[in-house]
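Residue-level listing of the chains:
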Amino acid sequence: MSHPAPPTYGTSAFASPGPGHDRLVRSKAVLQSRASHEEVARRAEKHALNGADQYLDRPIIILGAPRSGTTMLGRTLGHHASLAYLHEPRLVWRYGNDHKSDMLSPDDAREEVRRYIRDHLASFVREAGATRLVEKTPSNSLRPEFVDKVLPGCRFIHIMRSPIDAVLAAQRFWRDHAYGIESFRRGHLSKRIREISLRRLPFYAKEALYRLAPRRIGRTLGQNIWGPRLPGIDGLVRDLNVLDVCALQWRMCTETAIHFGRRLPPERYIEIRLEHLSPKLFRQVLHFCELDDHEEMLRAFDQNYTCRFERRSGRAEERRAQADPADIERILRWTEPTMRLIGYHSA
């Protein structure tokens, strides 16, 4: 008695593969090829990020509200032979997030954003012939966690200043530096042009109009924005006095920076006050940055701080004396809780 042949399953070597088998093999090959390409892309991404590592070893990021001494400190540290000082690459930090305020989160530091920012910063250090970066952008005080994700292991120096002096000085910058091409400091216009691409231009068209138009025309267009872009700053400018906005910029920059920084280990975050800076405190800053405190650096401190501080503090005292008492009260109304938090007195 003959028995029927057993059915054939799978892809036996003795079975003749049919069209379904061919489709399966092709699909598997496509999936393997796609996975291979994705792995190559991941490796290329990792290589691109790592390629900047030699120039982004323990970068130094200076935090601080506007008009708090960040520029002075950055320029002074920039005298060290191993450091390249980069002054406010504002649009570089906003790459990929142009439609948002300056208060970015770690989620905004996507891979392509990190790669772009790191490549720009590393290129700057390399072209300067240095080995480490020192950078200052006051807006980074609103996004320190974002910065930390872009530059893991960076050192943060948070410099603070009395809000009365900082806000009164910032108010003057809103008046004198928010309009007209003449308000750009030397070299800043060309730097901004290099930082931006045509694709990003629509996000900054209004700001460009205010800046490129003659100042007398720009002022007729309304209030332009200066300094860190707080969330909802257009509404704040519309509904509040500029002095109020300056005080809010100081408060949000200061509070965001300290709430983040005080959670870091002491080798990664330090706070200093502009009013307390001295050669002794500057040496502590150098040691924090793992830099030598040789005589050249102390001379740079003397030139950039000691020689200018009396003149600048004199101007600050003059602004205080000339300020309307109601304006001082207005500043304190916004900033006094933060002043108590960091140990400043309102008197």
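Thresholds applied
- Residues numbered from 1 in each chain as written.
- Predicted model: local features only at pLDDT ≥ 70, side-chain atom pairs only at ≥ 80, totals over all residues.
- Heavy atoms only, no water.
- Axes fitted to C-alpha atoms, helices over the stretch in contact; angles between N-to-C directions.
- Helix = DSSP H or I, 4+ residues; strand = E, 2+ residues; numbered from the N terminus.
- Parallel < 35°, antiparallel > 145°, perpendicular 65-115°, else oblique.
- Left-handed = near helix turned anticlockwise from the far one by under 90°.
- Contact = heavy atoms within 4.5 Å.
- Nonpolar A, V, L, I, M, F, W, Y, C, P; charged D, E, K, R; others polar.
- Core = buried A, V, L, I, M, F, W, Y, C linked by side-chain atoms within 4.5 Å.
- Buried < 20%, exposed > 50% of the residue type's maximum accessible area, 1.4 Å probe, protein only.
- Phe/Tyr/Trp six-rings, centres within 6.5 Å; stacked < 30°, edge-to-face > 60°.
- Lys NZ or Arg CZ within 6 Å of the ring centre and 35° of its normal.

Is there a simple way to explain the packing of helix H6 (residues 163-176) against helix H14 (residues 325-342) in this structure?
Helix packing geometry: the angle between the two helix axes and the distance between the axes. At a minimum axis distance of 10 Å, the contact between H6 and H14 shows a crossing angle of 130°. As summarised for this structure, H6 and H14 are arranged oblique, according to the angle between their axes. Read as a crossing pair, H6 and H14 show a hand that is right-handed. Residues Pro163, Ile164, Val167 and Leu168 of H6 form the contact with H14, whose participating residues are Ile328, Ile331, Leu332, Thr335 and Met339. Of the residues in the contact of H6 with H14, the class split is eight nonpolar, one polar and no charged.

Even after reading the chapter, I still don't get the nonpolar core, so can you show me in this structure?
Side chains of a nonpolar character, in soluble globular proteins, are inclined to be buried together. Ranked by internal contacts, the top residues of the largest apolar core, which has 58 residues, are Trp93, Ile117, Leu121, Phe146, Leu151 and Phe156. Ranked by residues supplied to this core, first place goes to helix H11 (residues 242-261) with ten residues. Those residues in contact with Leu151 that lie beyond four places of it in its chain are Leu56, Pro59, Ile61, Trp93, Arg118 and Leu121. In terms of nonpolar packing, the next biggest core, distinct from the first, is built from 25 residues, Phe282, Leu286, Phe288 and Tyr305 among them.

Looking at this structure, I do not really get the packing of aromatic side chains. What am I missing?
Aromatic ring pairs are reported here in terms of the distance separating the ring centres and the angle at which the planes meet. Per the stated rule, a full pass over the model turns up five aromatic pairs. Note on Phe173 and Trp226: the rings are 5.3 Å apart at their centroids and 45° apart in plane angle, and the pair reads as tilted. Placement of Phe173 in helix H6 and of Trp226 in the loop between helix H9 (215-218) and helix H10 (233-239) is noted, with a sequence separation of 53 residues between them. Overall, the relative accessible area of 14% leaves Trp226 in the buried class. An aromatic cluster is defined as three or more aromatic residues linked by ring pairs; in this entry it consists of Phe282, Phe301 and Tyr305. The side chain of Arg273 reaches across the aromatic face of Tyr344, ending 4.4 Å from its centre.

Bear in mind that shape data such as this cannot, by itself, settle questions of function.
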